[in-house]
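Here is what each chain is made of, one letter per residue.
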Amino acid sequence: MNSLDWLHYYQQNKTNRPEPKWGLPSPLDAKMQRALSRSLSHFQLGETGEGKFLIAQARAQLPDDTAYHQALELFVVEEGEHARLLQRLVHRFGGRTIRHHWTHTLFRFVRRALGFKFEIQLLVTAELVGTAYYRLLQTRTRDPVLDEACTLILKDEAQHVDFHADWFGDFQSRLLPLEREIWSAQFQLLFTAAAIVAWIDHGYCLKITGANRAEFFREARRECIRFLKQPSQRAARELNSLTAEITSADCCFNSRFPSFQIVLCLVACRWQMIAGEPLVACWRKVRTPYGSMPRKIRGRRR
Ligand SMILES: [Fe+2]
Ligand SMILES: [Fe+2]
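Attention here is on the structure that accompanies the text. (Residues numbered from 1 in each chain as written. Chains lettered and ligands numbered in written order. Predicted model: local features only at pLDDT ≥ 70, side-chain atom pairs only at ≥ 80, totals over all residues.)

### Quick word on the overall build of the protein chain
When helices and strands are counted, the protein chain shows ten helices and two strands. From first element to last, N terminus to C terminus, the protein chain shows the α and β order α-α-α-α-α-α-α-α-α-α-β-β. Within the protein chain, the fraction of its 302 residues that count as buried is 27%. If you take every contact in the protein chain between residues at least 6 apart in sequence, the share linking residues at least 24 apart comes to 74%. (Helix = DSSP H or I, 4+ residues; strand = E, 2+ residues; numbered from the N terminus. Buried ≥ 20, exposed ≤ 12 C-beta atoms within 10 Å, placed from the backbone. Contact = placed C-beta atoms within 7 Å.)

### Concerning the environment of Trp-167
Structurally, Trp-167 can be placed in helix α7 (residues 144-172). For Trp-167, a count of 23 C-beta atoms within 10 Å gives the class buried.

### With respect to the nonpolar core
Counting residues in hydrophobic clusters, the biggest one holds 38 residues, and the most contacted among them are Leu-89, Leu-128, Val-129, Ala-132, Tyr-133, Leu-136 and Ala-220. For this core, the secondary structure elements donating two or more residues are α2 (30-47), α4 (66-92), α6 (115-140), α7, α8 (177-209) and α9 (213-247). Among residues more than four places away in sequence, those in contact with Val-129 are Ala-194, Ala-195, Ala-198 and Ala-220. Of all hydrophobic cores here, the second largest spans ten residues; its members include Trp-6, Leu-7, Tyr-10 and Phe-163. (Core = buried A, V, L, I, M, F, W, Y, C linked by C-beta atoms within 7 Å.)

### Points about the environment of Leu-154
Looking at the element boundaries, Leu-154 is found in helix α7. Through-space distance from the C-alpha of Leu-154 to that of Thr-131 is 6.3 Å; in sequence the pair is 23 residues apart. Those residues within four positions of Leu-154 in sequence are excluded, and the remaining contacts are Thr-131, Tyr-134 and Arg-135.

### Points about α8
One turn of the α-helix equals 3.6 residues, which is why residues spaced by three or four share an orientation. Its maximal kink placed at His-202, α8 deviates by approximately 65 degrees. Residues of α8 that are buried: Phe-191, Ala-194, Ala-195, Ala-198, His-202, Cys-205 and Leu-206. (Bend = angle between axes of the 7 residues up to and from the residue.)

Bear in mind that shape data such as this cannot, by itself, settle questions of function.
Written as structure tokens, this is what we have:
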């Protein structure tokens, strides 16, 4: 999907959003509710923000892609909607939202220090880890309101990952295979660090719900693998279309590939020499005053 498609998606997704039935009682015990309210308040802080820095960076880096800027603005609005849902869940479980936390401070510091591309990467790692977290909460708890809120958030997060994957696919299609591998390796390191930080912060709550560390990392890694496939598939599609362009009949005369033309000409000349049709030495019978004699002829057809 291009930027305009994503803009249409976000515009559509704003409408007809079902609201969880907040009035339903919670069947969870007090210990679990306390752990959930603390853990959810940290995620709530992470989802809060106006995205001013991100959008300003996008405008500076991609000045012509106005549809992408608008889509990004709606993406930030959608994250704000998640923050609202999480705030209501925190209140439901008897907790209070927070304004500061070391994970949030670390995230903000790192993402602003290393530029727009890195900030998007960090956002994606947060989406992937968050997806694993919400999925485990949904499968491990029996609270109907938490279940409905997680369904809404997970549906959006899957699209957020695809939105960023499309952007990274476009960026990766301009990289050499080796550069793509290096990018992928550093992304995986970043993702692993984010997953470890998330487990340190939310492991206690997830353990109370019955989930364990291996389960959390398995979910998160599955999401990461799904994400990494998308940009590389897009880059492969771009490469295939480029190859098709090169091998098409008229590409030899395309001025975009001068070195390719030279190589092709050299190969053709060499092939002629090997095949020997025009340049090979050949023998022909000619009449001479002494009778018919064989004569060596070069560069002529038989
Ligand atoms: Fe979110
Ligand atoms: Fe998201």
